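# Structure assessment
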Protein chains: 4
Amino acid sequence: MAAAAVRAAVLHAPGDVRLEERVTPEPGPREVLVEVGAVGVCGSDVHYYEHGRIGQHVVRGPLVLGHEASGRVVALGAGASRHRVGDRVALEPGVPCGACRECRSGRYNLCRDVRFLGTPPIDGAFTDQVAIHEDFAFPLPDGVSDEAGALIEPLAVGLWACRKANVGPGDRVLVTGAGPIGLLALQAARACGATELAITDVNERRLELARRLGATRTIDVARASVEGEYNALLECSGSTTALVDGLAALRPGGTAVAVGMGPDEDATLPLALLQTRELWLTGTFRYAGVYPGAIALAAAGRVDLEALVTGRFGLEETESALRAGREDADAVKAMVLPRSSRSQPAT
Amino acid sequence: MAAAAVRAAVLHAPGDVRLEERVTPEPGPREVLVEVGAVGVCGSDVHYYEHGRIGQHVVRGPLVLGHEASGRVVALGAGASRHRVGDRVALEPGVPCGACRECRSGRYNLCRDVRFLGTPPIDGAFTDQVAIHEDFAFPLPDGVSDEAGALIEPLAVGLWACRKANVGPGDRVLVTGAGPIGLLALQAARACGATELAITDVNERRLELARRLGATRTIDVARASVEGEYNALLECSGSTTALVDGLAALRPGGTAVAVGMGPDEDATLPLALLQTRELWLTGTFRYAGVYPGAIALAAAGRVDLEALVTGRFGLEETESALRAGREDADAVKAMVLPRSSRSQPAT
Amino acid sequence: MAAAAVRAAVLHAPGDVRLEERVTPEPGPREVLVEVGAVGVCGSDVHYYEHGRIGQHVVRGPLVLGHEASGRVVALGAGASRHRVGDRVALEPGVPCGACRECRSGRYNLCRDVRFLGTPPIDGAFTDQVAIHEDFAFPLPDGVSDEAGALIEPLAVGLWACRKANVGPGDRVLVTGAGPIGLLALQAARACGATELAITDVNERRLELARRLGATRTIDVARASVEGEYNALLECSGSTTALVDGLAALRPGGTAVAVGMGPDEDATLPLALLQTRELWLTGTFRYAGVYPGAIALAAAGRVDLEALVTGRFGLEETESALRAGREDADAVKAMVLPRSSRSQPAT
Amino acid sequence: MAAAAVRAAVLHAPGDVRLEERVTPEPGPREVLVEVGAVGVCGSDVHYYEHGRIGQHVVRGPLVLGHEASGRVVALGAGASRHRVGDRVALEPGVPCGACRECRSGRYNLCRDVRFLGTPPIDGAFTDQVAIHEDFAFPLPDGVSDEAGALIEPLAVGLWACRKANVGPGDRVLVTGAGPIGLLALQAARACGATELAITDVNERRLELARRLGATRTIDVARASVEGEYNALLECSGSTTALVDGLAALRPGGTAVAVGMGPDEDATLPLALLQTRELWLTGTFRYAGVYPGAIALAAAGRVDLEALVTGRFGLEETESALRAGREDADAVKAMVLPRSSRSQPAT
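Residues numbered from 1 in each chain as written. Chains lettered and ligands numbered in written order. Predicted model: local features only at pLDDT ≥ 70, side-chain atom pairs only at ≥ 80, totals over all residues. Heavy atoms only, no water.

### Brief notes about the domain arrangement of chain A
All names here are of chain A. Domain assignment breaks chain A into domain 1 (5-151 + 305-345) and domain 2 (164-283). For the pair domain 1 and domain 2, the summed buried area comes to about 820 Å², and 64% of that belongs to carbon and sulfur atoms. On the domain 1 side of the contact with domain 2, Leu308, Asp330 and Val332 bury the most area, a combined 57% of that side's loss. Between domain 1 and domain 2 we count one salt bridge in total. (Domains from an automatic or database assignment. Buried area = accessible area lost by both parts, 1.4 Å probe. Salt bridge = Lys/Arg side-chain N within 4 Å of Asp/Glu carboxyl O.)

Below, the structure is given as structure tokens:
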């Protein structure tokens, strides 16, 4: 009898993604096999697709991208007991070693031996089924859709940034960049209690969406400058200018979190200002321990994840999904739905 | 020419409050004189009214009670520059010394030399006008009514409890006691991002109000027991039983905050449990540095303060206001409105 | 050919420890096999020896006690690469699951699935050789003896208490109880920068030892009472009286850490005091992530571990070692040295 | 009768300091008048002396420099009750307003209305007597000399940096720059429990002094590069290169504190590294709330302050003291001793 097969969108070279059949993965010890319901397209997926690498992470062989995923448990590996077949789950895509110094201290996102879906050489979720450690599959309540479940991953990025900046009730938060991460960081900050929520971009439709999602002020940085006295800056554009301008708009003792990664390794920053105001600057690398909170916020309706989806694609259209952002400046988030037979317009 | 006069409701002995005329206070250096718009009746006011003391704080002479106050600036003392005549403000009633170790370390609520409105021997706000240091009068936005402005004070208590417990996004919070403080702690926790919000009481109407204000679960502790796995317990009833049961319902590493003060100095607590789960237990004494955040939450509509008001009274009815809670088990918050000529029913 | 054998001191029933031969353990995947150099006798070992249980932890079959251990790596399991045969190591005796919520958040000491040496049903270190995950064996520098290496474990307890209390430079710390844990908590607090170091006991020789180890004040609580204004209380005696008196001697905002476990589940505590001074109370359960720091302090000479050893015993004398504390009120720490042929007097 | 007079070393223009007589200051309400025993020369004093300004702080009229001071109380202003005439004290030179948002939150070093000795337009301590708020004069124990008392100020800078970096037991700390601040930050880190203490400089005699003061490793950056895996970087040289190299030597999650101020407002920093390792970068501006701890460390012998003094000068030699660092590359700390009649060689 022939082994069961799944489809996967495989990156062979920059600009070359092919739909292929692969043997259905076997869930290992304490793993669950998940039928993928929805996978978001992340900027890093697009970067791998276009350039074949991100910094030192180089795609050296055929690779399945995709790490913002949700789905339904279809099989249990040996010893897996946290889920039942049929359970709907969101996947936390990075599985750390669990024993190193970083893992033990609660910073497992900095584990050097992490295995992260869709980051070379680990295959990701642009496929029908994917296996993952049961502790990194989180139950999705009924009210959270597959698409929202896939967007728990970038929401976790935003929530992690808020935790770094210790965003709390009544805070004034500046988010720079109204792409998917910026829009989710904005909503995360709002959910943490921030009441003044400013966001910048150069695209008016993104700023309009930000207003609908809770921004109390939107700034088109092509026309106006950033001013104010914010507790926290969540820099989500990867622009050094945004970081520099945002630092200047922080209160004494405020915190800037560099979430977006820009093209350059280095940045010229206002060090003397950072000193005289005792500002804090840090960056985020993925997240740790925030999935349950992110799902709870989604389930409670404190964030609107589906509002970000501007394009839906079948698995066979993965390459179109990867190109959607380049081809439409107003696009926010493309979603691949492996169980769907064809592309659907966003509602 | 006769000096201008104000009215004040003066406590002369337990159960003896008289409306009297007093010379209008002069705002001292950097003080503002505030025409009182609304003053909430706090449980501590009632305790002074009934017993003439709270622990070591003894009423030894005629005293004006009342410390939950808002109003309008009518005069400026020498050097006061933060407000203009006509500005609407909420009063933070405790003015600390500003120089001692506690003040310098950001814990000014623990300053031994604090002067606190309505706590002997400092006269409070059940009067037409009161003077206070300009830095302890906080501007009220137009959207925040005088009554809501008065309730910033107990909201600050709830917010301070949330800060002690580090309540954050997706947290599970248990509030014990659905009186004014419990209902405001509940809303503060919600505003901080908590998504599971359980609250206990024995009064069904208070629990019903709690549900309207965001409780996801209400527990009538006369009929059901508290169970669960909460991140934080905000004990607002002053009941040792509630504290003990709440501690047992905390997650490992969780925090219990004793906000309500009970009749006894001591409490028998589950120390071994606290050790094996590494729980944290602390209490709150007033608050520090949370007024701006509390006002921002009110202005942003993240909390509903006016929903707590169940009775409104004129200044000449202050004694009725102080008795309202005893006479109606469903009463939540009585409000004294000095500018109103007579008692009004709550809407 | 007969399988190689090791000796083990096996607890069969309260008061019944027998030296037996057992098959040499095989190190599992990523485990190392360690030839035990020294094992300290802990109060919990004595409690199991005398009562056969500690709370819900019941000895149901033959059990090897001992969890304060150091030694030398003699074999490597599959995939173990952090150590070489011959390396000297201190053992962190609790190996957590590495995946649960507590593990992921850096609180792995609260992992429900931890396997802890010498806690039923896991055999401990009163034996010639013991296997442990390589990540829980920590290299010992040359200057740290086997005995000091064994005492890293109780030092970790003291250091964890200091971390809970956030002991820092210039702090005033009160340690109650000058047994091994108290004396190590004292030294840990000193190493963290505390400059006022008071310690209580009823045994003058222990207090004398405390003075040699850095106590700036010793209090014989049979004769004098505890007073002062401490930043932190490290309660190491298990006495509720000590905890209550120590809480009363804390500064506003101070922290009490209940390290010692007493005979009772509950304790009557000064709740009103805790509220009006906003004190913090917590307890410790083992420790997490402090072994490297503890070893570094020992290697740098910031703590004197060997000063605590008041009795040395061969493996065949394990039962005498377990009885040493009962038979001599001045005894502090008994040490079992499996490679030694017979008992030696302490220097 | 002629009013009593004091001498003061007055800066009239860059390079122009004159000893003049002035009317003895009157201590204001809650102030104490202090007869100055010792005043250290800080790099900022030298900068004002040479350039007449530091950034936006411009010397616009005759100014007395000096802010690292200790002495003896000789008179009490109205209401001053914390000290007695004759008490020896160290002066915390910055007196904040005590009421603004920064003051209330425990960050009074960021108060905009701070009055800081020797910073224009406030006269400093290169004089016989200086008045200061009693709460900013801290008692000096007998064992702490006047010179050590003066050096509490730069020790506070080092301690504040350690607090920002959360330096704790067993930490690995890199200090860049072995000038007075670097040498004190080193000792502060050691007092906080750091056990690996590396320090850089290009002057071998300063590195030799650092070794005597506890450095476990000294790096002559003219010859060798900085490598390692440190928890914290305390950058005390003002060199961007040192900051950049130090950041690269931090562990994931480590903290860099920019203490030294360089000539440039901006610095080109490794932002991508900061992101992928989630490093923290901040700076220090003076300190808040650390004087009592700094004095306690000095009194307990945990730091050696006098070892830094390489030159002693009479008040009439203040200008020589300000020039000492320029004229001798091996000089570390010059001390002005107003009660001494002439310059004395360092022992």
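### Considerations on the packing of helix H1 (residues 43-51) of chain A against helix H10 (residues 318-327) of chain A
Two measures define how a pair of helices packs: the angle their axes make with one another and the distance between the axes. All names here are of chain A. Put simply, H1 and H10 touch, their axes get as near as 10 Å, and they point 100° apart. Judged on the interaxial angle alone, H10 and H1 are roughly perpendicular. Contacts between H1 and H10 involve Asp45, Val46, Tyr49 and Glu50 from the former and Glu319, Leu322, Arg323 and Arg326 from the latter. Of the residues in the contact of H1 with H10, the class split is three nonpolar, no polar and five charged. (Axes fitted to C-alpha atoms, helices over the stretch in contact; angles between N-to-C directions. Helix = DSSP H or I, 4+ residues; strand = E, 2+ residues; numbered from the N terminus. Parallel < 35°, antiparallel > 145°, perpendicular 65-115°, else oblique. Contact = heavy atoms within 4.5 Å. Nonpolar A, V, L, I, M, F, W, Y, C, P; charged D, E, K, R; others polar.)

### Details of the relation of the copies chain C and chain D
When chain C is fitted to chain D, the best match, at an RMSD of 0.0 Å, comes from turning it 180° and sliding it 0.0 Å along the axis. Taken together, the rotation and translation describe the operation of a two-fold axis. In terms of C-alpha distance to the rotation axis, chain C has cysteine 192 of chain C as its closest residue, with the C-alpha 2.5 Å off the axis. (Least-squares fit on C-alpha atoms with pLDDT ≥ 70 in both.)

### Focus: the sheet that holds strand E6 (residues 63-64) of chain A
Taken in spatial order, the three strands line up as E2-E1-E6 (chain A) in an open sheet, and their pairing is antiparallel. Both edges of this open sheet fall to strand E2 (16-23) and E6 of chain A, since each of them pairs with a single strand only. (Pairing = 2+ DSSP bridges.)

### Describing the packing of helix H4 (residues 152-164) of chain B against helix H5 (residues 180-191) of chain B
Residues and elements named next belong to chain B. Between H4 and H5, the shortest axis-to-axis distance is 8 Å and the interhelical angle comes to 55°. On the basis of their axis angle, the class for H4 and H5 is oblique. In this structure, the crossing between H4 and H5 has a hand that is right-handed. Mapping the contact onto sequence places Pro154, Leu155, Val157, Gly158, Leu159 and Cys162 in H4 and Ile181, Leu184, Ala185, Ala188 and Ala189 in H5. Looking at side-chain class alone, the contact of H4 with H5 contains ten nonpolar, one polar and no charged residues. (Left-handed = near helix turned anticlockwise from the far one by under 90°.)

### Observations regarding the relation of the copies chain D and chain A
Here chain D sits on chain A after a turn of 180° about the axis and a move of 0.0 Å along it, with an RMSD of 0.0 Å. In this assembly, 100% of the residues forming the interface of chain D have copies in chain A that are likewise at the interface, indicating an isologous arrangement.

### Regarding the environment of glutamate 31 of chain D
Residues and elements named next belong to chain D. In this fold, glutamate 31 is placed in strand E3 (residues 31-40). For the pair glutamate 31 and arginine 217, spaced 186 residues apart in the sequence, the C-alpha separation amounts to 45 Å. Look past the residues within four positions of glutamate 31 in its chain and what remains in contact with it is Glu26, Leu76, Gly77, Ala80, Ala131, Ile132, His133 and Glu134. There is a polar contact of 2.8 Å between the side chain of glutamate 31 and the backbone nitrogen of glycine 28. (Polar contact = N/O pair within 3.5 Å; in protein donor to acceptor, adjacent residues only side chain to side chain.)

### Some remarks on the packing of aromatic side chains
Across all of its chains, the model carries 14 aromatic pairs over all chains by this definition. Each residue in the set Phe138, Tyr287 and Tyr291 of chain A is aromatic and connected to the rest through ring pairs, giving one cluster. A cation sits over an aromatic face here: arginine 104 of chain C above phenylalanine 136 of chain A, 4.1 Å from the ring centre. Above the plane of the ring of phenylalanine 116 of chain D lies arginine 286 of chain D, whose end atom (NZ or CZ) is 3.7 Å from the centre. (Phe/Tyr/Trp six-rings, centres within 6.5 Å; stacked < 30°, edge-to-face > 60°. Lys NZ or Arg CZ within 6 Å of the ring centre and 35° of its normal.)

### Structural notes on the sheet that holds strand E1 (residues 5-13) of chain D
Residue and element names in this part refer to chain D. Spatially, the three strands line up as an open sheet ordered E2-E1-E6, and their pairing is antiparallel. At either end of the open sheet lies a strand with only one pairing partner, and these are strand E2 (16-23) and strand E6 (63-64). Pairing of E1 with E2, which is carried by eight bridges, proceeds in the antiparallel orientation. Residue pairing in the sheet places alanine 13 in a bridge with aspartate 16 of E2.

### Description of the pairing of strand E3 (residues 31-40) of chain B
All names here are of chain B. Of all ten residues in E3, nine are buried; the element is thus mostly enclosed. Of the strand pairs in this sheet, E3 and strand E11 (residues 129-133) are connected by five bridges, and their pairing is antiparallel. When the bridges of E11 are listed, leucine 33 appears paired with alanine 131. In this structure, E3 lies alongside strand E7 (residues 68-76), joined through eight bridges in antiparallel fashion. Bridging across to E7, valine 32 finds its partner in leucine 76. Bridge analysis of E3 against strand E21 (residues 333-336) gives two bridges, and the strand direction is antiparallel. Bridge assignment links valine 39 to a residue of E21, and that residue is valine 336. (Buried < 20%, exposed > 50% of the residue type's maximum accessible area, 1.4 Å probe, protein only.)

### Observations concerning the interface of chain C and chain D
Contacts between chain C and chain D engage 15 residues on the former and 15 residues on the latter. A combined buried area of about 1100 Å² lies between chain C and chain D, and 59% of that area is made up of carbon and sulfur atoms. In terms of surface lost to chain D, no three residues of chain C exceed Pro169, Thr195 and Arg302 of chain C, which account for 46% of the buried area on that side. Taken together, the connections running from chain C to chain D amount to zero salt bridges. Taken together, chain C and chain D are joined by six residue pairs in polar contact (both at pLDDT 80 or more). Elements supplying a minimum of two residues to the side of chain C that touches chain D: helix H5 (180-191) and helix H9 (291-299) of chain C. At three residues, the largest contribution of residues to the side of chain C that touches chain D is made by H9 of chain C.

### Here we look at the pattern of salt bridges
Scanning all chains against the criterion turns up 103 salt bridges over all chains. Salt-bridge contacts for aspartate 146 of chain D lead to arginine 88 of chain D; the nearest nitrogen and oxygen are separated by 2.8 Å. Highlighted residues: aspartate 146 of chain D in helix H3 (residues 146-150) and arginine 88 of chain D in strand E8 (residues 88-91), separated in sequence by 58 residues. Among the residues examined, aspartate 146 of chain D registers a relative accessible area of 17% and is labelled buried. Taking relative accessible area as the criterion, arginine 88 of chain D reaches 23% and is therefore assigned partly exposed. When salt bridges with common partners are traced through the structure, they connect Glu35, Arg72, Arg88, Asp146 and Arg339 of chain A into a single cluster.

### Quick notes on the pairing of strand E19 (residues 280-283) of chain D
Side chains Trp280 and Thr282 of chain D project from E19 of chain D onto one buried face, and the interleaved Leu281 and Gly283 of chain D project onto a second face that is buried too. Direction of pairing for strand E19 (residues 280-283) of chain A relative to E19 of chain D: antiparallel, over a ladder of three bridges. Bridging from a neighbouring strand, threonine 282 of chain A pairs with tryptophan 280 of chain D of E19 of chain D. As defined by bridge partners, strand E17 (residues 250-258) of chain D adjoins E19 of chain D across four bridges and the pair is classed as parallel. Paired with threonine 255 of chain D across the strands is tryptophan 280 of chain D, a residue of E19 of chain D.

### A closer look at the interface of chain D and chain A
Taken together, the contact pairs 39 residues of chain D with 39 residues of chain A. Summed over both partners, the interface of chain D with chain A buries about 3400 Å², with 54% contributed by carbon and sulfur atoms. For chain D, the biggest contributors to the area lost against chain A are Gln275, Glu278 and Trp280 of chain D; these three give 21% of the whole. The interface formed by chain D and chain A holds six salt bridges in total. Residues arginine 112 of chain A and glutamate 229 of chain D are paired through a salt bridge, measuring 3.3 Å at the closest nitrogen-oxygen approach. Inspection of the region where chain D meets chain A yields 24 residue pairs in polar contact (both at pLDDT 80 or more). Secondary structure elements with two or more residues in the side of chain D that touches chain A: helix H2 (101-104), helix H4 (152-164), E17, strand E18 (267-269), helix H8 (271-276) and E19 of chain D.

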